[in-house]
Amino acid sequence: MIFKNSRFFTSSELAGLAILALLIFVVLPVGLDAFRLNLFGKYLTYGFVALGLVLCWGAGGILSLGQGVFFGLGGYCMAMFLKLEASTPEATKIQSTPGIPDFMDWNQITELPIWWEPFNSLTFSLIAVVLVPVFFAFIIGVAMFRRRVGGVYFAIITQAIAAILTILIIGQQGYTGGVNGITDLRTLKGWDIRTDEAKVILYFVNGILLFGCILIAHFIRRSKLGRILIAMRDQEDRVRFSGYDVANFKIFVFCAGAAFASIGGAMFTLQVGFMSPSFVGIVPSIEMVIFCAVGGRLSLLGAVYGALLVNLAKTTFSELFPELWLFGLGALFIAVVLAFPNGLAGLYEEHVAPRVEALLKKWSKKDLDKPEKSDPLNAAAE
Amino acid sequence: MFAEYSMSELGAIFAMQGFAGLILFSVFVLMALGLAIIFGQMGVINMAHGEFMILGAYVTYLTSNLFAEYIPALFDIYFFVAMVLAFIVSGSLGMLVEWGLIRHLYKRPLDTLLATWGLSLILQQIYRSVFGAREVGVTIPDWIMGSLPITDMIEVPINGIFVMVLAIGISVAVYVMMFRSSWGKQVRAVTQNRVMAGAVGINTERTDRLTFGIGCGVAGVAGSAFTMIGSTGPTAGQLYIVDTFLVVVFGGAASLLGTIASAFSISQAQSIMEFFLSGSMAKVLTLLTVVGILMLRPQGLFALKLRK
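Residues numbered from 1 in each chain as written. Chains lettered and ligands numbered in written order. Predicted model: local features only at pLDDT ≥ 70, side-chain atom pairs only at ≥ 80, totals over all residues.

Turning our attention to the overall build of chain A. Secondary structure summary: chain A contains 15 helices and two strands in total. Seen along its three principal axes, the alpha-carbon backbone of chain A occupies a region of about 95 × 55 × 45 Å. Every one of the 382 residues in chain A was classed for burial, and the buried ones make up 43%. For chain A, the share of sequence-separated contacts (at least 6 apart) that also reach a separation of at least 24 residues comes to 80%. (Helix = DSSP H or I, 4+ residues; strand = E, 2+ residues; numbered from the N terminus. Buried ≥ 20, exposed ≤ 12 C-beta atoms within 10 Å, placed from the backbone. Contact = placed C-beta atoms within 7 Å.)

A tally of helices and strands in chain B yields eleven helices and two strands. Ordered by position in the sequence, the α and β elements of chain B form the string α-α-α-α-β-β-α-α-α-α-α-α-α. Here chain B has a C-alpha radius of gyration of 20 Å; the compact-globule value for 308 residues is 19 Å, and the two agree. Referenced to the eigenvectors of the C-alpha coordinate spread, the extents of chain B come out at roughly 65 × 55 × 35 Å. A burial count over chain B gives 49% of its 308 residues as buried. (Rg over C-alpha atoms; globule rule 2.2 N^0.38 Å.)

On the side of chain B, 33 residues touch chain A, which itself brings 37 residues to the contact. Of the residues forming the side of chain A that touches chain B, the biggest block, 15 residues, is contributed by helix α6 (residues 151-171) of chain A. Classifying every residue of the side of chain A that touches chain B by side-chain character gives 31 nonpolar, four polar and two charged. (Nonpolar A, V, L, I, M, F, W, Y, C, P; charged D, E, K, R; others polar.)

All names here are of chain A. Mapped onto the fold, Ser 87 is located in the loop between α3 (67-86) and α4 (102-106). For Ser 87, a count of 22 C-beta atoms within 10 Å corresponds to the buried category. The sequence separation of Ser 87 and Phe 48 amounts to 39 residues, and the corresponding C-alpha distance is 30 Å. Beyond its immediate chain neighbours, meaning those up to four positions away, Ser 87 contacts Thr 92, Gly 99, Ile 100, Pro 101 and Asp 102.

Here we come to the nonpolar core. One broad trend across soluble globular proteins is that nonpolar side chains are buried collectively. In this structure, A:Ala50, A:Leu51 and A:Val54 are the most contacted members of the largest nonpolar core, which totals 200 residues. If you tally residues by element for this core, the top one is helix α1 (residues 7-41) of chain B, at 18 residues. (Core = buried A, V, L, I, M, F, W, Y, C linked by C-beta atoms within 7 Å.)

A few words now on the packing of helix α5 (residues 158-180) of chain B against helix α6 (residues 182-192) of chain B. Residue and element names in this part refer to chain B. For the pair α5 and α6, the least separation of the axes is 5 Å and the interaxial angle reads 70°. When the interaxial angle is binned, α5 and α6 end up roughly perpendicular. Across from Met 177, Met 178, Phe 179 and Arg 180 in α5, the residues of α6 making contact are Trp 183, Gly 184 and Val 187. The residue makeup of the contact of α5 with α6, split by class, is five nonpolar, one polar and one charged. (Axes fitted to C-alpha atoms, helices over the stretch in contact; angles between N-to-C directions. Parallel < 35°, antiparallel > 145°, perpendicular 65-115°, else oblique.)

Residues and elements named next belong to chain A. Here Val 69 shows up in helix α3. According to the C-beta neighbour criterion, Val 69 is buried, with 30 such atoms within 10 Å. Placed 89 residues apart in sequence, Val 69 and Thr 158 show a C-alpha to C-alpha distance of 8.8 Å. Those residues within four positions of Val 69 in sequence are excluded, and the remaining contacts are Ile 161, Ala 162, Leu 165 and Val 280.

On to the confidence of the model for chain B. All names here are of chain B. With 96% of its residues at a pLDDT of 70 or more, chain B has an overall mean of 84. When pLDDT is averaged over each helix and strand of chain B, the minimum, 73, is found for strand β1 (residues 147-149) and the maximum, 92, for helix α3 (residues 78-100). Note on the complex model: pTM 0.86, ipTM 0.84. (pLDDT = per-residue confidence, 0-100.)

A separate point is the environment of B:Leu110. By the element assignment, B:Leu110 lies in helix α4 (residues 109-131). In this structure the C-alpha to C-alpha distance between B:Leu110 and B:Leu10, which are 100 residues apart in sequence, comes to 47 Å. Not counting chain neighbours up to four residues away, the residues in contact with B:Leu110 comprise A:Leu63, A:Gly151, A:Val152 and A:Ala155.

Okay, α6(A) next. For α6(A), built from 21 residues, the straight-helix expectation of 30 Å at 1.5 Å per residue is met to within 8% by its first-to-last C-alpha distance of 30 Å. Most of α6(A) is tucked away: 19 of the 21 residues are buried. (Expected span 1.5 Å × (residues − 1).)

We now examine helix α2 (residues 34-59) of chain A. Residue and element names in this part refer to chain A. Over its 26 residues, α2 runs 36 Å from end to end, which matches the ideal 38 Å to within 8%, given 1.5 Å per residue. The buried fraction of α2 amounts to 20 of the 26 residues, a majority that puts the element mostly inside the structure. Gly 61 lies just past α2 and shows a positive phi near 75°.

Let us now look at the packing of α6(B) against helix α8 (residues 204-226) of chain B. Residue and element names in this part refer to chain B. Packing of α6 against α8 brings their axes to within 10 Å, and their N-to-C directions diverge by 110°. Taken together, the axes of α6 and α8 are roughly perpendicular relative to one another. Within the contact between the two elements, α6 uses Gln 186, Val 187 and Val 190 and α8 uses Thr 204, Thr 207, Asp 208 and Thr 211. Grouping the amino acids of the contact of α6 with α8 by side-chain chemistry returns two nonpolar, four polar and one charged.

Okay, structure coming up:
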C-alpha cells in the first residue's frame, strides 16, 4: 500500500485529516463553551502521547509503560517556569522567604535550589520541555536497546521507572510540591492563563501543535525509517542480518515518542493550570496505552480519537456511575485486546472503509458512465 | 551519622533492621514465587497478580470471621484452614482466567499485559463493591501476636517469624513441584518448546491451565500470609506489582534460586537504607539500583543458558 502511492498523503488520509481538523478547529470551538473546550483541550493533550505510542508501539513494537514519565517531565518543566513567574517577591511577601514557590517555603527551604534557577527563562523552559524527556529517553533507550532488551522486559522496566519517578516526586516535597504537585499557576510572561479567552487561545495552540505532531509522525512513518521500523517489529533478526543497526532505530523512535508525550504534558500544564504526580505514575501511564489501543495502535488519527473518546467516556461515566466506570474500563482493556486488537481504526478499516469506498466508486462510476455513454456518440460525431 | 549511637546500640540497630529486612525478604519471596511460576516459567505477564494476592487476603478475612462466629474453639488454628482455602479460591479463579483470557494470548505477550491490567481493574472494583473501600484487618490468634526477646535490646515479632517459616515452606514446595515432579518437568518442557512438548504427548493446554492456577494459588497463600502483618484494601495489590515484577526480572526470570536471591538483596538493601534515609528515598534508591543493574545485565542475576 505504501509503495503504490508516492504522494505524501493518500486521498483517504487527506480526508481523515480534514475531518479531524474540522472537528478540532471548527465543530468543537463553535459548539462548546470555554469550560468544555478547555476540557477537550485537556483530552487532546493525551492525543500527543497516543501519537508517540503509535510510533513506538504500533510501528516499532516497543511497548513503553512509562509514557507518563515523559508527559510528566514536560508538564513539570512548564509548571516550574509558570510557578517561578507566579512567585514574585511581591506576590509571596507573606512567606518567611519571599520570592520562592510557596511549597518550598512550607517545607522550610530558604533558597531556590540551583536546578530551579534556569527555569526563570521561558526560552530555557521551552527547550527543556522537549530536551529533558528526550535526554532521559535516550539514556533508557541506549541502555536497553543496545543490549537487545525488548518486549516484555522493556515494558516492565519502563513501568518501574514510572514508579520511581512518582515516589521521588512525592518524597521530595520541598523541591517538587509533593503529592499536590505544582499548583496555583497564573501567568505566562504576564499573560493570565486562567481567563476564558486565554483558554480558547491555548486550545487552538494545542490543536495546531497536535497537527504539527501528526504531520511529523506521518512523515516518520512514510519515510524509509518507518518501513524499517515495521520490518523490525515483524522480523527483527532479519533486519539485523540485513545490516541495519536495529538499536538506533528503536532509540530514535522511543525518543520521538517521548518528545510528543512531553509536548502534550507541557500543554496539559498550560491548559489545566497545575501538574501533579498523579499524571506520572503507573496507572496514568497504562491508561495512556489504552487510549492508543482503543483508537488503534496502527493509526495516527485513530490514536487521537481514542484519547478523545476514552477521556470523554471517563469524565462522563465516572461522574454518572463511579462504581461502573472501573468495570467499564477493565472490560474495555480486555475487549480491545481480545476482540479488536487494531482498535477503532481497525474496525473502521475493516467495516466502514470498504463501504465508503464502494459508495465513492458508485458515485465516480456515475461520473464515468456519462462520458462512456457519450463516447460512442462522440465517435459517431467524428 | 553514626556518632550519636554507641557500639552496642549500633549492633542492635543493624540486627533489628536486618531482621525487618528478613521479614520484608519473606514477603518478597511469597509475592514473587507465584509470579516466578507464571512469568518466569510460562512467560505470561499477569498484571492482576496483586489482585490474586488480595483475594487470598480477603478469603482469610472471611474465614477468620466465620471461625470467630461459629467455631470459636478452633480459632487458634483458623489460619491454616484459611491458607488452604485461599490457595483453592485463587487457584480456581486463576484457572478460569487462563481458560477465558490468557490462552488466547500466548502469542501476544504484550497484549496479555493489557488484558490482565483490565482484569485487575475489574477485580479491584469487585472487592470495593463487596468488602467496601476501607481496609479490613484480620483478628490474629493470640499466639502469633507479641514478640520474642533475644537480648535486652533486640526483640523479634512472632508474626514475622511465622511469615518467614511460611516463605521457606512454600519455596521448598514450589521447588519440589517444579524441579522434582513429573508435572514440573512437563511445565518446563511446555515453556521451552510448546510444539515439541505437544508432539511428545504432553497435554499442553492442561499443563498451562494448571500452571497458571498454581501460580495464582501461591499468590493467594501469599496474600493470606500478609494479613498477619498488615491490613487489606481493594487497591493494595497494585502497590506490590512493580516490586514483584522487579524481583522476578532481577533474579533472572526462569530461575527460582535467582528469584530468592534477588528478593534477599532488594529487601536487605531497602530495609537497611530505610533506617538512614526516609522510606521513600530508600525505595527510590533501591529501585534505581535494580533498574540500573538490569540495564547493565538484562538477563538478571541468575540466567539460564538457553539457545534461542
